[in-house]
Structures are given as C-alpha cells and as structure tokens.
Amino acid sequence: MLPPPFCIEAPQGARGELAPGDTFRFTLKLFAYAADYLPYFIHAFKLAGERGMGRGIAEGMGRLSLCDVRQGDVSIYDAESERLLPHKAEDLSLPRLGDSHVTGMVSVELRTPLRFKQANHLAAELDFPLLVRLILRRVANLEALEGRLFRLPPAEFAALREAAATVRSEATHLRWHDWRRYSGRQNTAMQLGGLVGRVSYTGPVAAFAEYLDFAARVHLGKQTSFGLGALSLSWECANG
C-alpha cells in the first residue's frame, strides 16, 4: 500500500489547546502529483477551519480562519481574494552514493516518533544499515506515487550495502515515545508510539549525505502523513 502523498508537520513544542485569538502554524509537504493539488488542500483547510477542528466541535469550538500560506519566507496566498499566487514546486531529486573513502560523524535527531517494523515487530533500535533500508523504502514509495519503479543497479546497491555495513553507532540515546493524537473521524484518542532521541554514526557517512538529506526532507517510517518520522542532521568535520 502506498503512503499518502503529503506530510503535515506541527511546530516543535506545539500546544494541544489554543485560546481564542491564538495563531497556529504548521508545515504541509506535498509529494509527487499532490503538488498540483495545493489549491485543493488550501480549500480543504479553509473548510475545516469553518467547521472546527479537534474536540468540542459540537459546542462550536475549534473554528479558525486561514490567514496565509508561505513557501519558505515568501507568501503565496492572498487571503482577501482567496487566491493562490504564482509559485514553483521544489524539485526532489533522487539521492546518490558519494565517496565512501572519507570518514566522519553524523548525528541524527529523531524529532517525532519513528515507527517501523523489523521481523513483524515495532523496532526499538536503529543501526545504520537499517536506517539506510528505511530511506530506500521511502524513496521507492515516493517514486511509486509517480508510477515509477525504483531499483538501484546491482553494482550501486552492493556498494551502498558494503559502505553502510562499515558505519558504526557511536552513541545512542534513543527511547520509545507514545505520541497521542485525537481522531475526529473516530472521536477518540490514539497512541502512535515510536523512537525519538539522538544517535551518532561514524565511518564513511559523508557518502550517504544525499540519502540522509533526502530523509530529513521527506520523513521516514510509518504514519508520515501525521508528521511522524521527522529527523534533523548534525555533521562533524570529516577527514580523508
């Protein structure tokens, strides 16, 4: 089953309850063909705001108005006329393996729960070869949204696996976190647990720079449409 072609990111530290007059911001990422449907997403959020979101809809709570849509630091929406302004979708190029002879360190911060299965069970560890497999799976799924089959040439895949196997987990500070969300459709709270925290890797990590950057842009694992699987990177100087 293919993942939804979008991802909604709430800001870090977002509150679960908002008072009248508060401003709420979130990030919407659209992948593949969904980028052409941005006007429909905007209209859907506008209608949802008029109806209300979250708990207390029946009592008239949770209503909001759409004030602005921004791409980076540039506004692309005229709220007064409800018109989308000209803009250009960002290209998401496929990652490539770099020079595997340069060593260094990269730290991966899992900012929202990363959910994935290993041997049919939700996993609680994340070594580097497993991280690379998750990235490849995400690449393949996003390519499938465009009707394309993603398959690395055998020689490139062998080089990728060989390089990933030499990367070590230097320091691991991961923990399981149960993330709670409210489902308006089911009118109930749901638990979506996953790994959060920080893990550092040493070895030829620079060779995977494009893969890791790709992961940071598109999220990894399950329930990415809810914003799960968000990560950020911190690089240390490499040496050859």
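It should be noted that the structure appears before, not after, this text.
Let me sum up the structure you'll find in this document.

Cut-off values and rules
Residues numbered from 1 in each chain as written. Predicted model: local features only at pLDDT ≥ 70, side-chain atom pairs only at ≥ 80, totals over all residues. Heavy atoms only, no water. Helix = DSSP H or I, 4+ residues; strand = E, 2+ residues; numbered from the N terminus. Buried < 20%, exposed > 50% of the residue type's maximum accessible area, 1.4 Å probe, protein only. Contact = heavy atoms within 4.5 Å. Areas by Shrake-Rupley, 256 points an atom, 1.4 Å probe, with all protein chains shown as cover. Lys, Arg positive; Asp, Glu negative; His and termini not counted. Charge placed at Lys NZ, Arg CZ, Asp CG, Glu CD. Expected span 1.5 Å × (residues − 1). Polar contact = N/O pair within 3.5 Å; in protein donor to acceptor, adjacent residues only side chain to side chain. Axes fitted to C-alpha atoms, helices over the stretch in contact; angles between N-to-C directions. Parallel < 35°, antiparallel > 145°, perpendicular 65-115°, else oblique. Left-handed = near helix turned anticlockwise from the far one by under 90°.

Attention now goes to the overall build of the protein chain. Within the protein chain one finds four helices and 12 strands. Its C-alpha atoms give the protein chain principal-axis dimensions of about 60 × 40 × 35 Å. In the protein chain, buried positions account for 34% of the 240 residues. At a minimum sequence separation of 6, the contacts of the protein chain that also span at least 24 residues come to 66%. Carbon and sulfur atoms make up 51% of the accessible area of the protein chain, which totals about 14,800 Å². Each charge class in the protein chain can be summarised by its mean position, and for the 28 positive and 26 negative side chains these summaries are 6 Å apart.

This part is about the environment of Leu97. For Leu97, the position within the fold is in the loop between strand 6 (83-84) and strand 7 (103-114). With a relative accessible area of 23%, Leu97 lands in the partly exposed category. Between the C-alpha atoms of Leu97 and Val132, which are 35 residues apart in sequence, the distance is 11 Å. Every residue in contact with Leu97, bar those within four places of it in the chain, is listed here: Glu156, Ala159, Leu160, Ala207, Phe208 and Tyr211.

So, about helix 2 (residues 128-145). Along its 18 residues, helix 2 runs 26 Å from first to last C-alpha, staying within 8% of the 26 Å computed at 1.5 Å per residue. Every buried residue belonging to helix 2 is among Phe128, Leu130, Leu131, Val132, Leu134, Ile135, Leu136, Arg138, Val139, Leu142, Glu143 and Leu145, and all of these are buried. Between the side-chain oxygen of the N-cap and the backbone nitrogen of Leu130 there are 2.9 Å, and the N-cap of helix 2 in question is Asp127. Among the residues trailing helix 2, Gly147 stands out with phi positive, at a value near 80°.

For the rest of this paragraph, the subject is the packing of helix 2 against helix 4 (residues 209-218). With their axes 10 Å apart at the nearest point, helix 2 and helix 4 run at an angle of 60° to one another. Taken together, the axes of helix 2 and helix 4 lie oblique to each other. In this structure, the crossing between helix 2 and helix 4 has a hand that is left-handed. Contacts from Phe128, Leu131, Ile135, Leu136, Arg138, Val139 and Leu142 of helix 2 reach helix 4 at Tyr211, Leu212, Phe214, Ala215 and Val218.

The analysis is restricted to geometry; functional conclusions fall outside its scope.
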